[in-house]
Amino acid sequence: MRITRSVASLSQVEVGDHVCWAVPPQDDFKRTARGYLSDGTDLGDKIMVVGSRSPVWPELGPARGLLVDPGSARPGVRWDADALVSLVRQEAETAGRQGFRALRVLAHMDRIWPSGITPEQVADQELRLDALIGGSAAMVVCAYTASEFAPDVLEQAASVHPHFVGRSSLMPSFRMFSAAEDRWNLSGVVDADGAGAFLTAVTGLLRTTPTLRLCCDGLELMDAVGMQMLAKAAGVFPGRRILLERANSTVRRCWTLLGYDDPSVPAELVP
């Protein structure tokens, strides 16, 4: 079972992890990135770097892994996170056939996302990537440089990864990530601080499923604002429902006191 974790360094990344890395200054980035890739080589992983052809990894060659530079795509050819999802799926399957333990990916999101990327686009792509990683022999570290992205984009990115590396001030209040097909884990605290990111993530998932199941084992608290966001997201797609499974007694009590146990509300607490 996947659980949310904030880890001190990339050396703690495991198979099945999908990590949002809030990138530190450049010197630290080089050292940390090379250490992560070196760990993979020692453990028998296939290495894939998605980013520029940088002196950060001069030793990476065809015999050791793949170096994919989105900036080198032919004019008119779109390379974005959709391409990343497809590439991870393909290379994870190939790595298994080639005898590697797993596929180890470092994705420099500055090179993948187009300028002006929105939180909605980030949530959509990262949640789909997470659904893929959770069921494969792969690990993906998505490196986000704080200076390159707007604060709301960084907040959204961190909230839809189960794992986080970086300054505690950038850590999201809640996490939403894949538990199984058509089922998502919700952990942490959903309140006014993360309301926008929560609404975006839930709305994005409802776009592709008639019934969204949120497993709330790790959910500590959802306040009135969080519950309003649930109802608002469900209202965007009439006829679709949200089921919150295994919520704790505090969430259940607040849910009832605030009147969300009304059958007309398209969200429901279930055992």
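Peer 1: Would you explain the pattern of salt bridges in this entry?
Peer 2: Under the defined criterion, the tally for this structure stands at nine salt bridges. For aspartate 45, the salt bridge is made with arginine 101, and the minimal N-O distance between the two is 2.7 Å. Here arginine 101 lies in the loop between α2 (81-97) and β5 (103-108) and aspartate 45 lies in the loop between α1 (26-43) and β3 (46-50), a separation of 56 residues in the sequence. The class for arginine 101 is partly exposed, based on a relative accessible area of 40%. Aspartate 45 serves as the salt-bridge partner of arginine 104, at 2.9 Å between the closest nitrogen and oxygen. Of the two residues, arginine 104 sits in strand β5 while aspartate 45 sits in the loop between α1 and β3, which places them 59 residues apart along the sequence. The class for arginine 104 is buried, based on a relative accessible area of 2%. The class of aspartate 45 is buried, set by a relative accessible area of 3%. One network of salt bridges, with partners in common, ties together Asp45, Arg101 and Arg104.

Peer 1: Can you walk me through the nonpolar core in this structure?
Peer 2: Most often, soluble globular proteins have nonpolar side chains that are buried together. Of all hydrophobic cores here, the largest spans 35 residues; its most connected members are Met176, Phe198 and Ile242. Among the elements that take part in this core, helix α6 (residues 195-206) stands out by supplying eight residues, more than any other. The next biggest cluster of nonpolar side chains, apart from the first, holds 32 residues, and it includes Met48, Val88, Ala138 and Ala158.

Peer 1: Help me out: how do you make sense of the environment of phenylalanine 149 in this one?
Peer 2: Along the chain, phenylalanine 149 turns up in the loop between β6 (138-145) and α5 (151-159). Residue phenylalanine 149 is classed as buried on the basis of its relative accessible area, which comes to 10%. In sequence terms phenylalanine 149 and isoleucine 117 are 32 residues apart; their C-alpha atoms lie 8.4 Å from each other. Excluding anything up to four places from it in sequence, phenylalanine 149 contacts Met109, Asp110, Trp113, Ile117, Tyr144 and Leu154.

Peer 1: I would appreciate a short explanation of the packing of aromatic side chains in the present structure.
Peer 2: Here the distance between the centres and the angle between the planes together describe a pair of aromatic rings. Under the defined criterion, the tally for this structure stands at four aromatic pairs. With 5.5 Å between their ring centres and 85° between their planes, phenylalanine 174 and phenylalanine 198 make a pair best called edge-to-face. Here phenylalanine 174 is found in strand β8 (residues 174-180), whereas its partner phenylalanine 198 is found in helix α6, with 24 residues between them in sequence. Given a relative accessible area of 2%, phenylalanine 174 falls into the buried group.

Peer 1: Is there a simple way to explain the pairing of strand β12 (residues 241-245) in this structure?
Peer 2: Taken residue by residue, a regular strand's side chains alternate between the two faces of the sheet. The buried fraction of β12 is high, at four of five residues. Pairing geometry for β12 and strand β13 (residues 267-270), over four bridges, is parallel. Bridging from a neighbouring strand, glutamate 245 pairs with valine 270 of β13. Taking the sense of rotation as the criterion, the β-α-β connection linking β12, helix α8 (residues 249-257) and β13 turns out right-handed.

Peer 1: I keep staring at empty space enclosed by the protein and nothing clicks. Help me out?
Peer 2: Empty space among the atoms becomes visible once a probe the size of a water molecule is rolled across them. As enumerated under the stated definition, the model contains three cavities of 30 Å³ or more in all. Here the residues of the lining of the largest cavity are counted per class, giving seven nonpolar, no polar and no charged.

Peer 1: Explain the packing of α6 against helix α7 (residues 224-236) here, please?
Peer 2: It is the contact of α6 with α7, at a shortest axis distance of 9 Å, that shows an interaxial angle of 30°. The angle between α6 and α7 places the two elements in the roughly parallel class. Viewed along their axes, α6 and α7 form a crossing whose handedness is right-handed. Packed against α6, whose contacting residues are Ala195, Phe198, Leu199, Val202, Thr203 and Leu206, the element α7 presents Val225, Gly226, Met229, Leu230, Lys232, Ala233, Ala234 and Val236 at the interface. When the residues that make up the contact of α6 with α7 are grouped by side-chain class, the tally is eleven nonpolar, two polar and one charged.

Peer 1: What's the story with the side chain of glutamate 126 in this structure? I'm lost.
Peer 2: On the secondary structure map, glutamate 126 appears in helix α4 (residues 119-133). When its relative accessible area of 2% is taken as the criterion, glutamate 126 is described as buried. A polar contact of 3.1 Å, which involves the side chain of glutamate 126, links it to the side chain of histidine 18. Within the structure, glutamate 126 has its side chain in polar contact with the side chain of histidine 161 (distance 3.4 Å). Filtering out sequence-adjacent residues up to four positions away, glutamate 126 remains in contact with His18, Met109, Trp113, Cys142, Tyr144, Val160 and His161.

What counts, and where the lines are drawn
Residues numbered from 1 in each chain as written. Predicted model: local features only at pLDDT ≥ 70, side-chain atom pairs only at ≥ 80, totals over all residues. Heavy atoms only, no water. Salt bridge = Lys/Arg side-chain N within 4 Å of Asp/Glu carboxyl O. Helix = DSSP H or I, 4+ residues; strand = E, 2+ residues; numbered from the N terminus. Buried < 20%, exposed > 50% of the residue type's maximum accessible area, 1.4 Å probe, protein only. Core = buried A, V, L, I, M, F, W, Y, C linked by side-chain atoms within 4.5 Å. Contact = heavy atoms within 4.5 Å. Phe/Tyr/Trp six-rings, centres within 6.5 Å; stacked < 30°, edge-to-face > 60°. Pairing = 2+ DSSP bridges. Right-handed = clockwise from strand over helix to strand, strands pointing away. 1 Å grid on protein atoms, 1.4 Å probe; cavity = no way out; pocket = protein on both sides within 12 Å on 5 of 7 lines; lining within 4 Å. Points joined across faces, edges and corners; volume = space filled by probe spheres on them. Nonpolar A, V, L, I, M, F, W, Y, C, P; charged D, E, K, R; others polar. Axes fitted to C-alpha atoms, helices over the stretch in contact; angles between N-to-C directions. Parallel < 35°, antiparallel > 145°, perpendicular 65-115°, else oblique. Left-handed = near helix turned anticlockwise from the far one by under 90°. Polar contact = N/O pair within 3.5 Å; in protein donor to acceptor, adjacent residues only side chain to side chain.

Without other data, these values stay purely geometric and don't point to any function.
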